[in-house]
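# Reading the structure
Each chain is listed here by its residues.
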Amino acid sequence: MMSYTATAIPLRTAAPDDPALARVLAAYVASATIWLVLTTAVGLLVSFKFAYPDFATTPALSFGRLRAIHTNGTFYAWASQALIGLALFVAARSSGARLYSERLAWISLALLNLAAVLGTVTLDFGFNYGQEYREWLWWIRVILGLGLITAVWNMIATVEQRDAEDIYISNWYTIGGTLWTIVMVVVSLLPWYQFGLGQVAVQAFFMHNAVGLWFTPLSLGVSYYALPKLLNRPIYSYSLGVFAFWTNLIFYPIVGAHHFEFSPLPWWLQTTAIVFSVAMLVPVLSGTANFLLTFRGTHEWIYRSPAVFILVAVYGYLLGSTQGTFEAFRSLQQLWHLTNYTVGHSHLTMYGFVTFAIWGGVYALLPRATGKYPYNLAMGIHFWLSAVGVVIYVAALSAAGTIQGLDWFRGLTFIQSVEDAAPYWLWRSVGGSMMFAGHLVFAFNVWTMTYGRSYAELAAAKTVSV
């Protein structure tokens, strides 16, 4: 068993060996963090509207506009920007090469921010495409697509300059996920699929694959690089990671149709989606085992390091994906579909998995780029606020959704199901408030690791003054 010192993060300050790469990563993370605070503040406001429906009823603050701002903003402004910034850093460091083009990285960030600003403003003015997770108008999604194209171009060109013959497993996931997402964006824009059942099928394809072929591979790719750095040991199995990569690509693209069971979509397509949803346990269990076996023997260490964020992300990946498999069965669709349960499920995956993986990557890699480290106490406060908050949030909505479904099974009126779920909505706001407080602490930590003075610098300054 490896032995570790009690100190979670080394007390040191080091000048970055690649200032251009450090600037790029710091800018992506800082920009993404601003969007995290903004869009989750909107989400918190939306959560209070359930418990207090007469609160903030102007058109610009209506649920229909704010909910789309929250989801699209967290997807494409917070998570996408943070993951792309981390992926560019991983591409350079794992390849032993300089970033192919710092200018191209700035162009990508500008395009992503332009799309996010335009999307947020147009949604608040009431311009909405009307399809979940692609509410932005088509021309704004084109800008988003251009941001992805320039980013993956930079990743591929950077990896092409690598020292070794092999491509590190992280780059399989990050480059693959970005290329798959460009395909998704293009398909979602093709006009001849945007009518009738064609639109339903494309919506199923886009909505689910945005999670499984974009956020999932990028989050796993970043974790495959950050975790060995934090634990000072190699990933348990390279082959298991490659196996999970290809099986995820084989099984995931079709599973989105399970969101439209009992719809006019062909019955065989719905059944195929259920079968493939069960098959998704193969890459999920493979990936989870690979990470947990890497963690083996480090229990005392991980609770004093950013690795604990990745550990939560791994469990969030396992639980959220397994939950999605069970939700695909028709019997459970009848109980949970169109209830609050699905909202809890989406937050378990996008927050409990993706966001915690991003945080683990940021805490692991940003200090290595800038030479500035966060306060251990602030990092711990961020972890516990966010972890406890999301547990309360998901538990409250899972209970509310189950009660709603059981009420409908018993033939009760819709308003009765609303009244029965209402007490849990207050707990949703409690959990959401804790999560948002954690985001504010994270924003402080990002400032400390980028443009502020880290605790190591302050300690050094104090030593000199004495």
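Higher on the page you've got the structure.
The paragraphs below set out a description of the structure included in this document. Source: prediction; values computed, not measured.

### A few points about the nonpolar core
In this structure, Trp-78, Ile-84, Phe-295, Phe-356, Ile-358 and Trp-359 are the most contacted members of the largest nonpolar core, which totals 124 residues. Ranked by the residues each element gives to this core, the list is headed by helix H2 (residues 63-95), at 18 residues. With residues near it in sequence (within four places) discarded, Ile-84 still touches Tyr-28, Leu-112, Leu-148, Ala-151, Met-155, Trp-214 and Leu-218.

### A short note on the environment of Ala-157
Counting through the fold element by element, Ala-157 comes out in helix H4 (residues 138-160). Through-space distance from the C-alpha of Ala-157 to that of Val-284 is 30 Å; in sequence the pair is 127 residues apart.

### Things to note about the packing of aromatic side chains
If you walk through the whole model with that rule in mind, you get 36 aromatic pairs. Geometrically, the ring pair formed by Phe-75 and Phe-215 is edge-to-face, given 5.0 Å between the ring centres and 75° between the ring planes. Of this pair, Phe-75 sits in helix H2 while Phe-215 sits in helix H6 (residues 196-231), and the two are 140 residues apart along the sequence. Accessibility assignment for this pair places Phe-75 and Phe-215 in one class, buried.

### Section: the packing of helix H1 (residues 19-51) against helix H13 (residues 340-370)
For the pair H1 and H13, the least separation of the axes is 10 Å and the interaxial angle reads 145°. Remark: the crossing between H1 and H13 carries left-handed chirality. For the pair H1 and H13, contact is made by Ala-22, Leu-25, Ala-26, Val-29 and Leu-36 and by Trp-359, Val-362, Leu-365, Leu-366 and Ala-369, respectively. Among the residues making up the contact of H1 with H13, the classes are represented as ten nonpolar, no polar and no charged.

Scoring rules and cut-offs
Residues numbered from 1 in each chain as written. Predicted model: local features only at pLDDT ≥ 70, side-chain atom pairs only at ≥ 80, totals over all residues. Heavy atoms only, no water. Core = buried A, V, L, I, M, F, W, Y, C linked by side-chain atoms within 4.5 Å. Buried < 20%, exposed > 50% of the residue type's maximum accessible area, 1.4 Å probe, protein only. Helix = DSSP H or I, 4+ residues; strand = E, 2+ residues; numbered from the N terminus. Contact = heavy atoms within 4.5 Å. Phe/Tyr/Trp six-rings, centres within 6.5 Å; stacked < 30°, edge-to-face > 60°. Axes fitted to C-alpha atoms, helices over the stretch in contact; angles between N-to-C directions. Left-handed = near helix turned anticlockwise from the far one by under 90°. Nonpolar A, V, L, I, M, F, W, Y, C, P; charged D, E, K, R; others polar.

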